[in-house]
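Listed here are the chains, written in short residue letters.
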Number of protein chains: 2
Amino acid sequence: MKIIAISREFGSGGRELGKRLAGLLGYAYYDREIEESVAQRMDMDAGYVARSIEQGALRNIPLHFGRTLANSYAWKQQISILVEKQRVLKEIAAASDCVIVGRAADVILAEHDPFKVFVYADMAHKLARCQRYAQAGENLDLHGLEREIKRIDSRRADYHRMFSDQKWGRKENYHLCVNTSGLDLAKVTPYLAEYIRACFAGGTP
Amino acid sequence: MKIIAISREFGSGGRELGKRLAGLLGYAYYDREIEESVAQRMDMDAGYVARSIEQGALRNIPLHFGRTLANSYAWKQQISILVEKQRVLKEIAAASDCVIVGRAADVILAEHDPFKVFVYADMAHKLARCQRYAQAGENLDLHGLEREIKRIDSRRADYHRMFSDQKWGRKENYHLCVNTSGLDLAKVTPYLAEYIRACFAGGTP
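Residues numbered from 1 in each chain as written. Chains lettered and ligands numbered in written order. Predicted model: local features only at pLDDT ≥ 70, side-chain atom pairs only at ≥ 80, totals over all residues. Heavy atoms only, no water.

## Describing the overall build of chain A
A tally of helices and strands in chain A yields 9 helices and 5 strands. Taken from the N to the C terminus, the helices and strands of chain A come in the order β-α-β-α-α-α-α-β-α-β-α-α-β-α. The buried share of chain A, taken over its 205 residues, is 50%. Once local pairs closer than 6 in sequence are excluded, the contacts in chain A between residues at least 24 apart make up 75%. (Helix = DSSP H or I, 4+ residues; strand = E, 2+ residues; numbered from the N terminus. Buried < 20%, exposed > 50% of the residue type's maximum accessible area, 1.4 Å probe, protein only. Contact = heavy atoms within 4.5 Å.)

And the structure:
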């Protein structure tokens, strides 16, 4: 199976790029669907599953409480969710060609040799993108939004660190790093899709 | 004019990629031609011009000698070469669409808003590429070669630092970062050329 793993800064358009790639290449697309599937299997709320670990629950547990907490219900539940998410990712990867956004799929699915993309942009363009997608009339505080963008990215890096020593966002860990600042993704993604197709289809010398 | 500025790790194939892009897009291509032009104008040897600054001549001049050295002939000559190289770069950029490999063109030509590409690869693939291009029968010491690759890249970063605080190789300073590990550039570069063309031709939303 061909897997494209998209890692992305919040507000950079990684989700849109991933969806477009999937559409253009005829691959399945997974993003929030992963938490929904985990939640369904574990009979939990999808929002709870999504928030539970990516938002740093494990990081927030002080290490010196380790022993006690390791036996606590909350801890065990977090671990179960983590294990289940890995299982879902592996099932997805075995089922069909696909694009997976986030979820540390780049390292969890390493044995499938995914094509790894990192999507980023400068802060001004990330803020502008968030504003475009805000509800009409919603009043966004730009300073607060910038803090929130940084906070989410730092949680994504933390989540990634649970699975690998490969640093999130370090270009060496990806096949392609795409700066989306000022780009119309509808116009340019088709060429990225063709590039990735060429890399899969015997790009090796 | 449309400028593509290629920065690259030694052995990553950045020069080949730049040449191919220029051919595919019908742009002029500049690499060593820049030192040749400077050398011709200053009536110097092109090899001397190429080595003089990129190889760290300025870095090697101890700062506490500053005053004396600033008046020395050698120092003035280094500065003249530097100034002349910038002039050549700007003339090139004004003359026609082009691809420029290295020479800190990404920052020296910032006012032209170049499309900035960083080309890199993992060490194993860089070593393999160097071996492919070695003379037949030439005996390469892989450890020595790896040290040399790192030394050249560190000099490139030093050279870049003379013109800008933007760190050489940091993905945020480029529009696209391409990992060439295991890629056949003849097969995949056409898709990068189309992507860059799309970015130039109103990729902005």
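Picking up where we left off.
## Regarding the relation of the copies chain B and chain A
Note on the identical chains: chain B maps onto chain A by a rotation of 180° and an axial translation of 0.0 Å, with an RMSD of 0.0 Å. The transformation just described matches what one would write down for a two-fold rotation axis. Across chain B, the smallest distance between a C-alpha and the rotation axis is recorded for Cys177(B), namely 2.4 Å. Counting the interface residues of chain B, we find that 100% of their copies in chain A are interface residues as well, pointing to one common contact surface. (Least-squares fit on C-alpha atoms with pLDDT ≥ 70 in both.)

## Examining the pattern of salt bridges
Scanning the model with the defined rule gives 33 salt bridges over all chains in all. Arg129(A) is the salt-bridge partner of Glu16(A), the closest N and O atoms lying 3.0 Å from each other. Of this pair, Glu16(A) sits in helix α1 (residues 14-25) while Arg129(A) sits in helix α7 (residues 123-133), placing them 113 residues apart in sequence. In this structure, Arg103(B) engages Glu35(B) in a salt bridge whose closest nitrogen and oxygen atoms are separated by 2.8 Å. Taken together, the residues Arg103(B) in the loop between β3 (98-101) and α6 (105-108) and Glu35(B) in helix α2 (residues 33-42) connect sequence positions 68 residues apart. The pair Arg103(B) / Glu35(B) is uniform in exposure class, with both members buried. Overlapping salt bridges, with partners in common, bring together Arg15(A), Asp31(A), Glu35(A), Lys85(A) and Arg103(A) in one network. (Salt bridge = Lys/Arg side-chain N within 4 Å of Asp/Glu carboxyl O.)

No statement about biological role is implied by the geometric values presented.
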